Amino acid sequence: MLKHTLKLALATSLLTLAVNASELNLRGDGIEVKYDEKTYNIKRIHDEECRQINGADPKNIWSGDYAKEGLSSKCVKKFVTTVGKITPMKITDKIQTIGEIEVINFIKESQERDDMLLIDARLPDWFLQMSIPTAENIPFTYFNKDKYPDDFYDVLDMIGVKEVSKGKYDFTQAKELVLFCNGAWCPQSTFAIENLIKIGYPEEKISWYRGGMYSWKMLNLTTTSE
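Residues numbered from 1 in each chain as written. Predicted model: local features only at pLDDT ≥ 70, side-chain atom pairs only at ≥ 80, totals over all residues. Heavy atoms only, no water.

## Some words on the overall build of the chain
Link 1 in the chain: Looking only at helices and strands, one finds 8 helices and 9 strands in the chain.
Link 2 in the chain: Out of the 226 residues belonging to the chain, those deemed buried represent 37%.
Link 3 in the chain: If you take every contact in the chain between residues at least 6 apart in sequence, the share linking residues at least 24 apart comes to 62%.
Link 4 in the chain: Accessible area of the chain: about 14,200 Å², with a carbon and sulfur share of 52%. (Helix = DSSP H or I, 4+ residues; strand = E, 2+ residues; numbered from the N terminus. Buried < 20%, exposed > 50% of the residue type's maximum accessible area, 1.4 Å probe, protein only. Contact = heavy atoms within 4.5 Å. Areas by Shrake-Rupley, 256 points an atom, 1.4 Å probe, with all protein chains shown as cover.)

The following block contains the structure:
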């Protein structure tokens, strides 16, 4: 009976995820969002040539090269696999680790609210090259009060926090945040989050997109550049 209940619960969860994903229509028209007087269409970009090719041969996918030889460069991406240090799946019990669907839903909801902020915690050179639509670039170094006090107070203003006295903060207007950086091997967003935790930022208002730009780009989702 318990096994049947677990199977039913899993099936229901998978169905819910499938419905939520299909509602986004990422293979079709995509999701239109507006930010800073610009309009973006978030979708999975598919070249027509790539639609006709079966690049998912298991002998290739798990060989180390992942894609069949001879595929057009439009249909293949290369990724560095040995940089950085692998981050854990969770930072704390209260901080949610989320994926692409949750990020896109966050972006959609933030269209109607000013208390939500998607933060690209990488350094500006990385942000200018490529980022996720609507993301604000707040480099991870700026979260370090000791080394960058002026930038730190600018960050507080952006995320809705006030310092009421030395080392004490008012989080009444604290925004809901999603932070990301380059990927599961990148420590920049976790550094920013750890510094938020140090000042007492409500952890239930923080989410972490662990996959970052690597996962976003691997799925060929819309990106922006400055």
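## Re the side chain of Ser189
Link 1 in the chain: Looking at the secondary structure, you find Ser189 in helix α7 (residues 188–198).
Link 2 in the chain: Contacts of Ser189, omitting those with residues within four sequence positions, involve Ala121, Leu179, Phe180, Cys181 and Trp208.

## What to know about the packing of aromatic side chains
Link 1 in the chain: Enumeration over the complete set of coordinates arrives at 8 aromatic pairs.
Link 2 in the chain: Look at Tyr169 and Phe171: their rings are 6.2 Å apart centre to centre, the planes differ by 45°, and that puts the pair in the tilted class. Comparing Tyr169 with Phe171 shows no difference in burial state: the two are buried.
Link 3 in the chain: Ring geometry for Trp185 and Tyr214: centres 5.2 Å apart, planes at 75°, overall edge-to-face. One end of the pair, Trp185, is in the loop between β8 (176–180) and α7; the other, Tyr214, is in helix α8 (residues 212–218), with 29 residues separating them in the sequence.
Link 4 in the chain: A network of ring pairs unites the aromatic residues Phe152, Tyr153, Tyr169, Phe171 and Tyr201 as a single cluster. (Phe/Tyr/Trp six-rings, centres within 6.5 Å; stacked < 30°, edge-to-face > 60°.)

## Here's the deal with the nonpolar core
Note on soluble globular proteins: their nonpolar side chains tend to be buried together.
Link 1 in the chain: By size, the foremost hydrophobic cluster in this structure holds 24 residues, and its most contacted members are Ile159, Val161, Leu177, Leu179, Leu196 and Tyr201.
Link 2 in the chain: Looking at this core, the elements that each hand over two or more residues are β4 (116–120), α6 (149–158), β8, α7 and β9 (206–209). (Core = buried A, V, L, I, M, F, W, Y, C linked by side-chain atoms within 4.5 Å.)

## Considering unusual backbone geometry
Link 1 in the chain: In the Ramachandran plot, Thr134 falls in the positive-phi region, its phi being about 80° despite a non-glycine side chain.
Link 2 in the chain: Residue placement: Thr134 occurs in the loop between α5 (124–129) and β5 (136–137).
Link 3 in the chain: The phi dihedral of Asn220 is positive, around 60°, even though this residue is not glycine.
Link 4 in the chain: Along the chain, Asn220 falls in the segment after α8.

## Side note on the environment of Ile91
Link 1 in the chain: Looking at where Ile91 falls in the secondary structure, it is placed in the loop between α3 (58–61) and β3 (96–98).
Link 2 in the chain: A residue is classified by how much of its surface remains accessible, and Ile91, at 23% relative accessible area, is partly exposed.
Link 3 in the chain: Expressed as a C-alpha distance, the spacing of Ile91 and Glu194, which sit 103 residues apart in the sequence, is 8.4 Å.
Link 4 in the chain: Leave out the neighbours within four places in its chain, and Ile91 touches Thr190, Ile193, Ile197 and Trp208.

## Points about helix α4 (residues 100–110)
Link 1 in the chain: Among the residues of α4, those classed as buried are Glu100, Val103, Ile104, Phe106, Ile107 and Ser110. The arc that holds the buried residues of α4, viewed along the axis, is 155°, so those residues lie on one side. (Arc of directions from axis to C-beta.)

## A closer look at α7
Link 1 in the chain: Within the span of α7, buried status applies to Gln188, Ser189, Thr190, Ala192, Ile193, Asn195 and Leu196.
Link 2 in the chain: In this structure, the buried residues of α7 make contact with β8 and β9.
Link 3 in the chain: Gly200, located one to two residues past α7, shows a positive phi value of around 95°.

## Concerning the side chain of Asn144
Link 1 in the chain: As for its position among the elements, Asn144 is in the loop between β5 and α6.
Link 2 in the chain: Residue class for Asn144 comes out buried when judged on its relative accessible area of 16%.
Link 3 in the chain: Of note is the side chain of Asn144, whose polar atom sits 3.1 Å from the backbone nitrogen of Asp146.
Link 4 in the chain: Excluding residues within four positions of it along the chain, Asn144 makes contact with Pro149, Phe191 and Asn195. (Polar contact = N/O pair within 3.5 Å; in protein donor to acceptor, adjacent residues only side chain to side chain.)

## Considerations on the environment of Met130
Link 1 in the chain: Its place among the elements puts Met130 in the loop between α5 and β5.
Link 2 in the chain: On the basis of relative accessibility, which here comes to 24%, the residue Met130 falls in the partly exposed class.
Link 3 in the chain: For Met130 and Met213, which are 83 residues apart along the polypeptide, the C-alpha to C-alpha distance reads 8.3 Å.
Link 4 in the chain: Discounting chain neighbours no more than four positions away, the residues touching Met130 are Asp120, Arg122, Met213, Lys217, Thr223 and Thr224.

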